[in-house]
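A structural walkthrough
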Amino acid sequence: ILENIPESWILPWRFCTYFGFFFFGVHLIPGFVLWKFCQWHMEDRKMLLQQLRGFRMDMAGCEVESDREFIEGKLTAWFGGVAEFELVVRNEVAELAARQLEDGGPIPWTMLFTASLSHIFMLGTVIVDALVRAEWLVAAHCVLAGIALSCFTDAIAVGAGLRLADRIPRRWQVGVGKLIGPILLVLIFSFLNGIVLAMMGGAAPWLIVIPIYVVLGVLTWLMFGGWNRLRGGRASRPGTREQSEHSQHVPQGPDCCDQQHAQDCEGSQPDVDVEAPCIPGSQGSALFKAVELHVTL
């Protein structure tokens, strides 16, 4: 077919061929499974933040009731009371968790890169074959395609799928509407992979190839932390009345590790680590103590 069509049609023909192959032959069925993962993953993130923002000590379980009394006593010593500790978790710990979840994108890029390394291994045989036949241009295009498929296209597609799963209203996902998310995800995968593989054979000039790869790289960087870095970090939400009231009760600076606190900790149970980390400043000490006790509970 490529020998009987005009040269200007070769690149569009290759793209359409690869797009159809990936859409119907590779991604269509797995796309429904991946869409479910995207929905579950984003729901878990929401649930984590909801649990932190609605944290209550009376909902935390203790196997031994004496442990609850012991921990509540330490919370009173460190924060001035259980209610003050709950405010730390609902506001400061929840804010820290939300910032960490958003800074690196909906899923770590390194995880997607590791899962996509198979592209490089599969193209390795094509690269070696091209080098043996001294087809340097084809080998160079295959190397770039392997890098793009492993580092950019899968990451962009999964990142877009996760964001779609978080933003498509539930009322749309009824009946035939359930196909919207999976089909969009498959379209994104097929479009990106089709573009890369269409250029792999050397039919596209470098003036097209290089800008496309640069755009893919920049888009990946923006989706997985770059946009937040450009904004100078995620802006903190305005403090609530609860936060301002709570700030009066948070231990200030080195006071959290004063001599009285050290003597109090010495008399505690030896098999439980109850000493609060001494972090200069109220916010740091409060956060670390909150996280430590939250994990303990």
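Anyway, here's the lowdown on the structure attached to this text. The structure presented is a predicted model; accordingly, all values stated were derived computationally and were not measured. (Residues numbered from 1 in each chain as written. Predicted model: local features only at pLDDT ≥ 70, side-chain atom pairs only at ≥ 80, totals over all residues. Heavy atoms only, no water.)

1. What about the overall build of the protein?
- Of regular secondary structure, the protein possesses 11 helices and 0 strands.
- Going from the N terminus to the C terminus, the protein shows its helices and strands as α-α-α-α-α-α-α-α-α-α-α.
- By residue count, 38% of the 297 residues in the protein fall in the buried class.
- Look at the contacts in the protein between residues 6 or more apart in sequence, and 80% of them connect residues 24 or more apart.
- Summing over all exposed atoms, the protein offers an accessible surface of approximately 17100 Å²; the carbon and sulfur share of this is 65%. (Helix = DSSP H or I, 4+ residues; strand = E, 2+ residues; numbered from the N terminus. Buried < 20%, exposed > 50% of the residue type's maximum accessible area, 1.4 Å probe, protein only. Contact = heavy atoms within 4.5 Å. Areas by Shrake-Rupley, 256 points an atom, 1.4 Å probe, with all protein chains shown as cover.)

2. Digging into the nonpolar core
- Formed by 36 residues in total, the largest nonpolar core has its most connected members in Val196, Tyr213 and Leu216.
- Every element with two or more residues in this core is listed here: α1 (10-53), α5 (118-132), α6 (136-167), α7 (180-200) and α8 (206-230).
- Looking at which element gives the most residues to this core, the answer is α6, with 13 residues.
- Contact partners of leucine 216, with chain neighbours within four places excluded, come to Phe152, Thr153, Ile156, Leu192 and Val196.
- Within the second largest apolar cluster, 16 residues are counted, among which are Leu49, Phe55, Val88 and Ala94. (Core = buried A, V, L, I, M, F, W, Y, C linked by side-chain atoms within 4.5 Å.)

3. Focus on the packing of aromatic side chains
- Summed over all chains, the structure comprises 8 aromatic pairs.
- Ring centres of phenylalanine 19 and phenylalanine 23 lie 6.0 Å apart, and the angle between their planes is 25°; on these two criteria the pair is classed as stacked. Pair noted here: phenylalanine 19 and phenylalanine 23 are both in helix α1, with a separation of 4 residues, about one helical turn.
- Their ring planes at 70° and their centres at 4.8 Å tell us that phenylalanine 23 and phenylalanine 24 sit as a pair that is edge-to-face.
- Ring pairing ties together the aromatic residues Phe15, Phe19, Phe23, Phe24 and Phe191, which thus form one cluster. (Phe/Tyr/Trp six-rings, centres within 6.5 Å; stacked < 30°, edge-to-face > 60°.)

4. A few points about the packing of α5 against α6
- The N-to-C vectors of α5 and α6 enclose an angle of 175°; their axes lie 8 Å apart at closest approach. Considered as vectors, α5 and α6 are oriented roughly antiparallel to each other. In this structure, α5 contributes His119, Ile120, Leu123, Val126, Ile127, Ala130 and Leu131 to the contact, and α6 contributes Trp136, Val138, Ala139, Cys142, Val143, Ala145, Gly146, Leu149, Ser150 and Asp154.
- Its residues placed into classes, the contact of α5 with α6 shows 13 nonpolar, 3 polar and 1 charged. (Axes fitted to C-alpha atoms, helices over the stretch in contact; angles between N-to-C directions. Parallel < 35°, antiparallel > 145°, perpendicular 65-115°, else oblique. Nonpolar A, V, L, I, M, F, W, Y, C, P; charged D, E, K, R; others polar.)

5. Details of unusual backbone geometry
- Phi is positive for alanine 134, which is not a glycine, with a value near 60°.
- Relative to the assigned elements, alanine 134 resides in the loop between α5 and α6.
- Residue classification places alanine 134 among the partly exposed residues on the basis of a relative accessible area of 42%.

6. Focus: the pattern of salt bridges
- Scanning the model with the defined rule gives 7 salt bridges in all.
- One salt bridge connects arginine 99 with glutamate 95, and the closest N-O pair in it is separated by 3.4 Å. Of the two residues, arginine 99 and glutamate 95 both sit in helix α3 (residues 82-103), 4 residues apart, roughly one turn of that helix.
- The partner of glutamate 135 in a salt bridge is arginine 133, and the shortest N-O contact between them spans 3.4 Å.
- Three or more residues joined by partner-sharing salt bridges are found here, namely Asp129, Arg133 and Glu135. (Salt bridge = Lys/Arg side-chain N within 4 Å of Asp/Glu carboxyl O.)

7. Quick look at the environment of alanine 155
- On the secondary structure map, alanine 155 appears in helix α6.
- With a relative accessible area of 2%, alanine 155 lands in the buried category.
- Sequence separation between alanine 155 and alanine 115 is 40 residues, and the spatial gap between their C-alpha atoms is 9.7 Å.

8. Details of helix α2 (residues 65-79)
- In a regular helix each residue adds 1.5 Å, so 15 residues correspond to 21 Å; α2 covers 21 Å between its end C-alpha atoms and thus fits that length.
- The set of residues buried in α2 consists of Arg68, Phe70, Ile71, Lys74, Leu75, Trp78 and Phe79. Buried positions in α2, seen along its axis, are confined to an arc of 165° and lie on one side of it.
- Looking one or two places after α2, you find glycine 80, whose phi comes out positive at around 95°. (Expected span 1.5 Å × (residues − 1). Arc of directions from axis to C-beta.)

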